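Structural description and commentary
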Amino acid sequence: MVGGTIALCIGLLTSVYLATLHENDLWFSNIKEVEREISFRTECGLYYSYYKQMLQAPTLMQGFHGLIYDNKTESMRTINLLQRMNIYQEVFLSILYRVLPIQKYLEPVYFYIYTLFGLQAIYVTALYITSWLLSGTWLSGLLAAFWYVTNRIDTTRVEFTIPLRENWALPFFAIQIAAITYFLRPNLRPLSERLTLLAIFVSTFLFSLTWQFNQFMMLMQALVLFTLDSLDMLPAAKATWLYGIQMTGLLLVCILQFFNSMILGSLLISFNLSVLIARKLQKNLKTGSFLNRLGKLLLHLFAVLCLTLFLNNIIKKILNLKSDEHIFKFLKAKFGFGATRDFDANLYLCEEAFGLLPFNTFGRLSDTLLFYAYIFVLSITVMAALAVAFHNLSDSANQQSMGQMGKCTIILKPETAYNLIHTILFGFLALSTMRMKYLWTSHMCVFASFGLCSPEIWELLLKLIHLYNPKRICIMRYSVPILILLYLGYKFWPGMMDELSELREFYDPDTVELMNWINSNTPRKAVFAGSMQLLAGVKLCTGRTLTNHPHYEDNSLRERTKAVYQIYAKRSPEDVHALLRSFGADYVILEDSICYERRHQRGCRLRDLLDIANGHMMDGPGENDPDLKLAGHPRFCEEIKRNLPPYTAYFTRVFQNKTFHVYKLSRNK
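Every residue gets a number counted from 1 within its own chain, in the order that chain's sequence is written. pLDDT decides what is reported in this predicted model: residues at 70 or higher carry local features, side-chain atom pairs at 80 or more are listed and counted, and totals for whole chains, interfaces and linings draw on all residues regardless. Derived side-chain values reflect all non-hydrogen atoms in the structure, with water molecules and hydrogen atoms excluded from consideration.

Looking at an unreviewed UniProt entry, the chain carries the name Probable C-mannosyltransferase DPY19L3 isoform X3, with the source organism given as Panthera pardus. UniProt positions are given in the numbering used here, feature names are shortened, and annotations may be inferred rather than shown by experiment. Of the chain, the UniProt comment under Subcellular location (unreviewed entry) reads exactly: "Membrane". Taken directly from UniProt, the Sequence similarities (unreviewed entry) text for the chain runs: "Belongs to the dpy-19 family."

Now the structure itself:
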């Protein structure tokens with residue numbers, strides 16, 4: 001009762017803390033509606049616009065019809081938004097807001113953001129419970145929650161990217177991990193096992209429904225299960241249940257998303273099917289001597305890999321699937337399998353979020369002692385896991401006796417083994433791609449706190465240094481986390497109070513001026529072209545039709561975006577006009593921050609990526625590939641501002657401020 005009460009309180013306090021930081025940073029309650037909407041940057045604004053669209057629809061049925069037959073998100077095309085994007089959460093919230101008697105007391109935007117901050121309470125509570133389940137004491141859950149909050153910069157970004165898909169999905173992912181941790185405990189009662197499986201299924205389904213990258217995260221989970229199952233560190237029957245739940249949850253989402261081909265062609269479904277097929281074909285996989293079993297294991301791994309690639313290629317060819325090819329191009333280039341001039345791959349490679357995890361991250365994690373504790377616990381559990389794996393592979397009997405199984409479970413419990421491999425694989429993912437660090441750092445809090453409060457970890461350590469004593473274990477597992485909690489309170493409490501008292505205000509007058517001008521001076525059916533980040537805000541604030549947008553998981557949209565971005569390349573006004581008019585554009589917005597970009601180094605500026613993709617030499621001092629040629633035209637975004645006749649014949653400037661230039665396209669050319 002005490003532990004559960006503390007879990008709920010710490011979750012709610014975290015939610016209030018993050019909501020207060022968001023309010024203080026933007027003065028959200030006092031700024032205008034257009035400023036609130038502009039604060040939802042890039043794709044966040046796009047997702048929120050559908051919540052707004054559902055609320056503005058005269059009826060729910062008309063709202064649904066507008067999403068299923070949408071012709072404003074991509075000009076000259078009618079797309080099914082429920083199929084293309086993971087926006088069921090916006091639909092659900094809009095229905096709730098309509099049904100509940102709260103319209104008089106709570107504005108729609110607050111209902112939306114408070115729901116997200118409320119999910120953070122669930123997220124922290126799930127992390128707390130996972131650590132508690134692993135260690136056997138709620139003290140470790142409290143330490144995990146404290147670490148999550150004190151490492152806020154590296155564990156969450158919800159306060160400044162509220163509508164982002166991962167902020168919806170990760171709380172359900174944390175619940176799923178907690179449920180799996182409990183499910184892997186031995187000797188569960190049948191009722192407890194069934195209820196836990198239900199919790200795993202529901203959380204897996206909700207996680208899959210709310211994030212387009214669900215399949216890649218669950219593929220990592222499937223690899224964890226495959227590793228543990230192959231090494232006899234997990235009951236095979238439970239692994240089969242989890243494989244089945246993953247596929248069932250994903251296929252149910254596929255149905256709800258009108259048979260989204262990207263889900264059907266996912267590596268996860270191909271991999272899970274391959275594992276189950278290969279297991280049936282290799283029935284005697286877990287028998288024989290050490291070398292015999294090692295050989296069988298390598299053969300099993302090879303069979304699963306080949307079968308996965310075969311099934312995935314067959315499915316993609318049948319479905320003619322190209323939605324996720326940009327991800328594989330990016331991965332191929334990122335890990336050094338040849339340089340690429342592909343615009344989409346380079347767009348990701350040049351973004352800091354998709355680069356390697358910065359080294360200063362470890363400095364911040366070390367300041368809270370989290371990284372030191374994590375490495376300490378990880379080292380001990382890895383040694384234990386290696387010992388158990390060697391023991392299991394060395395067992396030549398056809399079936400392990402219950403006594404042997406019990407002995408292995410004491411050394412490394414299945415739930416501990418699962419969380420160990422989980423944290424290792426997600427650690428590699430975070431190290432390779434900074435944007436994915438939030439999946440690792442939150443689990444790092446759980447794993448480190450569990451280890452410091454675990455009697456098994458302290459028993460292994462004390463036996464190793466010949467100081468084993470049951471009383472010492474009890475002293476260490478309670479005194480160490482309490483001392484760390486006191487240290488965290490002493491060092492970080494004053495800073496947190498300063499954060500809560502620091503008041504700022506949203507300030508972006510140029511974007512506000514642009515949105516107000518569009519609302520006042522352009523037709524409701526006007527089509528706008530520009531950068532995908534800005535256009536998401538245009539759709540949210542003005543409701544105008546777009547040529548392109550930031551939801552990049554569609555091949556035709558990627559081609560369209562590259563064509564629209566020729567406004568920043570070295571192209572003739574005739575070419576640019578023809579390209580924009582082919583998408584029905586009436587206006588084009590040029591941004592000085594892109595045209596004269598200095599944020600990225602040479603070779604990574606958007607204009608450089610376009611030059612390389614077009615076979616043109618880049619601007620400025622520095623080397624160019626020998627096959628790149630001088631462009632036959634000046635850069636469009638620079639030259640158009642000179643108002644020369646070749647440009648004014650096609651484009652008329654209708655708005656200008658310090659940041660944006662809006663041109664109206666002529667229709668008679």
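A few words on the overall build of the chain. If you tally the helices and strands in the chain, you get 33 helices and 5 strands. Computation of the radius of gyration draws on C-alpha atoms, with the globule rule given as 2.2 Å multiplied by the number of residues to the power 0.38. The C-alpha atoms of the chain give 27 Å as radius of gyration, which agrees with the globular expectation for 669 residues (26 Å, within 12%). Summarising its shape, the C-alpha atoms of the chain cover approximately 85 × 55 × 55 Å along the three principal directions. Working definition: with a 1.4 Å probe on protein chains only, accessible area under 20% of the residue-type maximum means buried, over 50% means exposed, and in between means partly exposed. For the chain, buried positions account for 57% of its 669 residues. Restricting to contacts in the chain with at least 6 residues of sequence separation, those with at least 24 account for 72%. Comment: elements are numbered from the N terminus, with helices defined as DSSP H or I runs of at least four residues and strands as E runs of at least two. Note on contacts: a residue pair qualifies if any of its non-hydrogen atoms lie within 4.5 Å across the two residues.

Lines fitted to C-alpha atoms define the axes here, with helix axes fitted over just the stretch in contact, and angles between the N-to-C directions of these axes take values from 0 to 180 degrees. The interhelical angle for the contact between helix H3 (residues 42-56) and helix H4 (residues 60-68), taken along N-to-C directions, is 145 degrees, at an axis separation of 8 Å. Mapping the contact onto sequence places Tyr50, Gln53 and Met54 in H3 and Leu60, Gly63, Phe64, Gly66 and Leu67 in H4. When residues are grouped by polarity, Ala, Val, Leu, Ile, Met, Phe, Trp, Tyr, Cys and Pro land in nonpolar, Asp, Glu, Lys and Arg in charged, and all others, Gly among them, in polar. Grouping the amino acids of the contact of H3 with H4 by side-chain chemistry returns 5 nonpolar, 3 polar and no charged.

Before going further, it helps to examine the state of the cysteines. Only a pair of cysteine sulfur atoms within 2.5 Å qualifies as a disulfide here. One pass over the structure, following the stated rule, counts 2 disulfides. Here cysteine 350 engages in a disulfide with cysteine 604; their sulfurs sit 2.1 Å apart. Between cysteine 350 and cysteine 604, the S-S torsion sits near -75 degrees, and that sign places the bridge as left-handed. Of this pair, cysteine 350 sits in the loop between helix H18 (343-349) and helix H19 (360-367) while cysteine 604 sits in the loop between helix H30 (592-595) and helix H31 (606-614), and the two are 254 residues apart along the sequence. Each disulfide pairs two cysteine sulfurs, and for cysteine 595 the partner residue is cysteine 637, the sulfurs being separated by 2.0 Å. Because the torsion about its S-S bond is 80 degrees, the bridge between cysteine 595 and cysteine 637 counts as right-handed. In this pair, cysteine 595 is assigned in helix H30 and cysteine 637 in helix H32 (residues 636-639), connecting sequence segments 42 residues apart. Cysteine 637 gets classed as buried once you look at its relative accessible area, which sits at 0%.

Before going further, it helps to examine the UniProt feature "signal peptide" (unreviewed entry) in the chain. With numbering aligned to this structure, UniProt lists the feature "signal peptide" (unreviewed entry) at residues 1-19. End-to-end, the C-alpha atoms of residues 1-19 are 27 Å apart, and along that stretch the chain is 95% helix and 0% strand.

Every helix has an expected span of 1.5 Å times one less than the residues it contains. Spanning 32 residues, helix H25 (residues 470-501) covers 46 Å between terminal C-alpha atoms, matching the ideal 46 Å at 1.5 Å per step. Every buried residue belonging to H25 is among Ile473, Arg477, Val480, Pro481, Ile484, Leu485, Leu488, Phe492 and Met496, and all of these are buried. Definition of a polar contact: a pair of N or O atoms within 3.5 Å, with one able to donate and the other able to accept a hydrogen when the atoms are protein atoms, and with sequence-neighbouring residues admitted only if both atoms are side-chain atoms. One side-chain oxygen of the residue at the start of H25 lies 2.8 Å from the amide nitrogen of lysine 471, identifying that residue as asparagine 469.

Right, let's get into the packing of aromatic side chains. Here a pair means two rings of Phe, Tyr or Trp (six-membered ring of Trp) with centres within 6.5 Å. Their orientation is stacked below 30 degrees between planes, edge-to-face above 60, and tilted elsewhere. Across all of its chains, the model carries 33 aromatic pairs by this definition. With a centroid separation of 5.7 Å and 75 degrees between ring planes, the pair formed by phenylalanine 226 and phenylalanine 271 is classed as edge-to-face. Taken as a pair, phenylalanine 226 in helix H12 (residues 214-230) and phenylalanine 271 in helix H15 (residues 267-281) lie far apart in primary sequence, 45 residues in all. Among the residues examined, phenylalanine 226 registers a relative accessible area of 8% and is labelled buried. Phenylalanine 271 gets classed as buried once you look at its relative accessible area, which sits at 8%. Three or more aromatic residues joined by ring pairs make a cluster, and in this case those are Phe28, Phe40, Tyr48, Tyr51, Tyr110, Tyr112, Tyr114 and Trp168. We count a charge as sitting over a ring when the NZ of a lysine or the CZ of an arginine lies within 6 Å of the ring centre and within 35 degrees of the ring normal. We note arginine 36 situated over the ring of phenylalanine 28; from NZ or CZ to the ring centre the distance is 5.4 Å. Looking at lysine 463, its charged tip hangs above the ring of tyrosine 468, at a distance of 5.1 Å from the centre.

Moving on, we get to a nonpolar patch on the surface. For patch detection, residues must exceed 30% relative accessible area and be free of salt bridges, and they are connected within 9 Å for like charges or within 5 Å for nonpolar side chains (Val, Leu, Ile, Met, Phe, Trp, Tyr). Residue exposure ignores everything except the shown protein chains as possible cover, and the areas themselves are Shrake-Rupley values with a 1.4 Å probe. For this analysis, a salt bridge means a side-chain nitrogen from Lys or Arg found within 4 Å of a carboxyl oxygen belonging to Asp or Glu. A contiguous nonpolar surface patch, about 370 Å² in accessible area, is contributed by Leu191, Leu195, Leu198 and Val202. Counting through the fold element by element, leucine 191 comes out in helix H11 (residues 190-210).

Attention shifts here to helix H29 (residues 573-582). Those residues of H29 that fall on the buried side of the exposure criterion are Pro573, Val576, His577 and Leu580. Down the axis of H29, the buried side of the element spans an arc of 100 degrees, and every buried residue falls inside it. Just downstream of H29, glycine 584 is the residue with a positive phi angle, here 80 degrees. Working definition: the arc comes from the directions between the helix axis and the C-beta atoms, pointing outward to the latter.

Bringing the pattern of salt bridges into the picture now. Two side chains with opposite charge may pair up if their charged atoms get near one another. All told, the structure shown has 36 salt bridges when counted by the stated rule. Between glutamate 351 and arginine 599 there is a salt bridge, and its shortest N-O distance comes to 3.6 Å. One end of the pair, glutamate 351, is in the loop between H18 and H19; the other, arginine 599, is in the loop between H30 and H31, with 248 residues separating them in the sequence. Classification of glutamate 351 by relative accessible area gives partly exposed; the value is 31%. Among the charged side chains, a network of salt bridges with common partners joins Glu43, Arg157, Glu166 and Arg435.

It is worth spelling out the pairing of strand S3 (residues 587-591) at this point. With respect to burial, S3 is a largely interior element, 5 of its 5 residues being buried. By the alternation rule, side chains of S3 split into Tyr587, Ile589 and Glu591 and Val588 and Leu590, which are all buried. By the bridge criterion, 2 bridges tie strand S1 (residues 527-529) to S3 in an arrangement that is parallel. Opposite phenylalanine 528, over in S3, you have tyrosine 587 as the bridge partner. Paired strands, as defined in this entry, are two strands with at least two bridges between them according to DSSP. Looking at chain direction, S3 and strand S5 (residues 660-665) are connected through 5 bridges and run antiparallel. Looking across to S5, one finds that tyrosine 587 is bridged to lysine 664.

With that settled, the discussion passes to the sheet that holds S3. Sheet architecture is open: 5 strands sit in the order S2-S1-S3-S5-S4, paired in mixed fashion. The sheet is open, and its two edges are formed by strand S2 (545-546) and strand S4 (651-656), each paired on a single side. Sheet topology places S1 next to S2; 2 bridges connect them, and they run parallel. Bridge pairing in S2 links phenylalanine 528 to leucine 546. Relative to S4, H29 is tilted by about 75 degrees, and along the sheet it contacts S1, S3, S4 and S5.

We now examine the packing of helix H1 (residues 2-26) against helix H8 (residues 138-150). Taken N-terminus to C-terminus, the directions of H1 and H8 make an angle of 5 degrees; their axes are 10 Å apart at the nearest point. The orientation of H1 relative to H8 falls into the category roughly parallel. Contact residues: Val2, Gly3, Ile6, Ile10, Thr14 and Tyr17 in H1; Trp138, Leu142, Ala145, Phe146, Tyr148 and Val149 in H8. Here the contact of H1 with H8 is built from residues that sort into 10 nonpolar, 2 polar and no charged. Note on terminology: angles under 35 degrees are roughly parallel, angles over 145 are roughly antiparallel, angles of 65 to 115 are roughly perpendicular, and the others are oblique.

Here the focus is the layout of surface pockets. Here a cavity denotes a set of grid points, spaced 1 Å apart and computed over the protein atoms alone, in which a 1.4 Å probe fits but from which it cannot get out, and a pocket denotes an open set meeting protein on both sides within 12 Å along at least five of seven lines; residues with an atom within 4 Å of a point are reported as lining. Grid points are joined across faces, edges and corners, and a volume is the space filled by probe spheres set on the points. If you add up the space inside the second largest pocket, you get close to 1,100 Å³. Every residue lining the second largest pocket is counted, 35 residues in all, and those nearest its centre are Phe216, Leu219, Leu267, Phe328 and Leu331. Put simply, the parts of the chain that give the lining of the second largest pocket at least two residues each are H12, H15, helix H16 (290-319), helix H17 (325-334) and helix H22 (414-432). It is H16 that contributes the most residues to the lining of the second largest pocket, 8 residues altogether. Looking at the lining of the second largest pocket residue by residue, the class counts come to 25 nonpolar, 7 polar and 3 charged.

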